[in-house]
Amino acid sequence: QVQLVESGGGLVQPGGSLRLSCAASGTIFSIATMGWYRQTPGKQRELVAVIISGGVTNYADSVKGRFTISRDNAKNTVYLQMNSLKPEDTAVYYCYLDSLLVARKWGQGTQVTVSS
């Protein structure tokens, strides 16, 4: 089985930074696409960032220039570095893994709150 465990959420002031981590089990990590969604009650789920196995990345327009997604295949971990945080970044952030070999897997979610 493949499991994703998230960490790194918390409360941060506007303009601050936070790094989320998502650690995956299994041997398919290095060939899988990984990414982050975020969701706020009453709002549509938003795809924030993705990274494919080759390292190519893509970002939502709302976070370009502020967020960076990266992966460490040796540690089976994907990261989301969030800088210049804004109140509108407040959400529950979910990492996911996509592969032709398994159904999409989700992390448990981690709360990010940006507030003074």
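Refer to the structure above for everything that follows.
Keep in mind the model is a prediction, meaning the values are calculated, not measured. (Residues numbered from 1 in each chain as written. Predicted model: local features only at pLDDT ≥ 70, side-chain atom pairs only at ≥ 80, totals over all residues. Heavy atoms only, no water.)

Engineer: Please explain the overall build of the protein chain as it appears in this structure.
Structural biologist: A tally of regular secondary structure across the protein chain gives 0 helices and 11 strands. For the protein chain, the sequential pattern of α-helices and β-strands runs β-β-β-β-β-β-β-β-β-β-β. Here the protein chain has a C-alpha radius of gyration of 13 Å; the compact-globule value for 116 residues is 13 Å, and the two agree. Considered along the principal axes of its C-alpha atoms, the protein chain spans approximately 40 × 25 × 25 Å. Put simply, the protein chain has 116 residues, and 41% of those count as buried. Intrachain contacts of the protein chain at a sequence separation of at least 6 include 54% that bridge at least 24 residues. Per element, the accessible surface of the protein chain, about 6100 Å² overall, is 49% carbon and sulfur. (Helix = DSSP H or I, 4+ residues; strand = E, 2+ residues; numbered from the N terminus. Rg over C-alpha atoms; globule rule 2.2 N^0.38 Å. Buried < 20%, exposed > 50% of the residue type's maximum accessible area, 1.4 Å probe, protein only. Contact = heavy atoms within 4.5 Å. Areas by Shrake-Rupley, 256 points an atom, 1.4 Å probe, with all protein chains shown as cover.)

Engineer: Would you explain the environment of Val112 in this entry?
Structural biologist: For Val112, the location among the structural elements is in strand E11 (residues 110–114). Along the primary structure Val112 and Pro87 are separated by 25 residues, whereas in three dimensions their C-alpha atoms are 9.7 Å apart. With residues up to four places along the chain from it excluded, the contact list for Val112 reads Gly9, Gly10, Leu18, Leu20, Met82, Asp89, Thr90, Ala91 and Tyr93.

Engineer: How should I be thinking about the pattern of salt bridges in this particular structure?
Structural biologist: For side chains of opposite charge, pairing can occur when their charged atoms come near one another. Enumeration according to the criterion identifies 5 salt bridges in this entry. Residues Asp89 and Arg38 are paired through a salt bridge, measuring 2.9 Å at the closest nitrogen-oxygen approach. In this pair, Asp89 sits in the loop between strand E8 (77–82) and strand E9 (91–98) while Arg38 sits in strand E4 (residues 33–39), placing the two residues 51 residues apart along the sequence. With relative accessibility at 0%, the residue Asp89 sits in the buried group. Using a relative accessible area of 7% as the deciding quantity, one classes Arg38 as buried. With a shortest N-O distance of 3.2 Å, Lys64 and Asp61 are connected by a salt bridge. Salt bridges sharing common partners tie together Arg38, Glu46, Arg66 and Asp89. (Salt bridge = Lys/Arg side-chain N within 4 Å of Asp/Glu carboxyl O.)

Engineer: Got a minute to help me understand the sheet that holds strand E7 (residues 67–72) in this structure?
Structural biologist: Adjacent strands of a sheet form backbone hydrogen bonds with each other and so pair up, either parallel or antiparallel. The strand order across the open sheet formed by 4 strands is E1-E3-E8-E7, and the pairing between neighbours is antiparallel. At either margin of the open sheet sits one strand with a lone partner, and together these are strand E1 (4–7) and E7. The mean inter-strand angle of the sheet, taken between neighbouring strand axes irrespective of direction, is 15°. (Pairing = 2+ DSSP bridges. Axes fitted to C-alpha atoms, helices over the stretch in contact; angles between N-to-C directions.)

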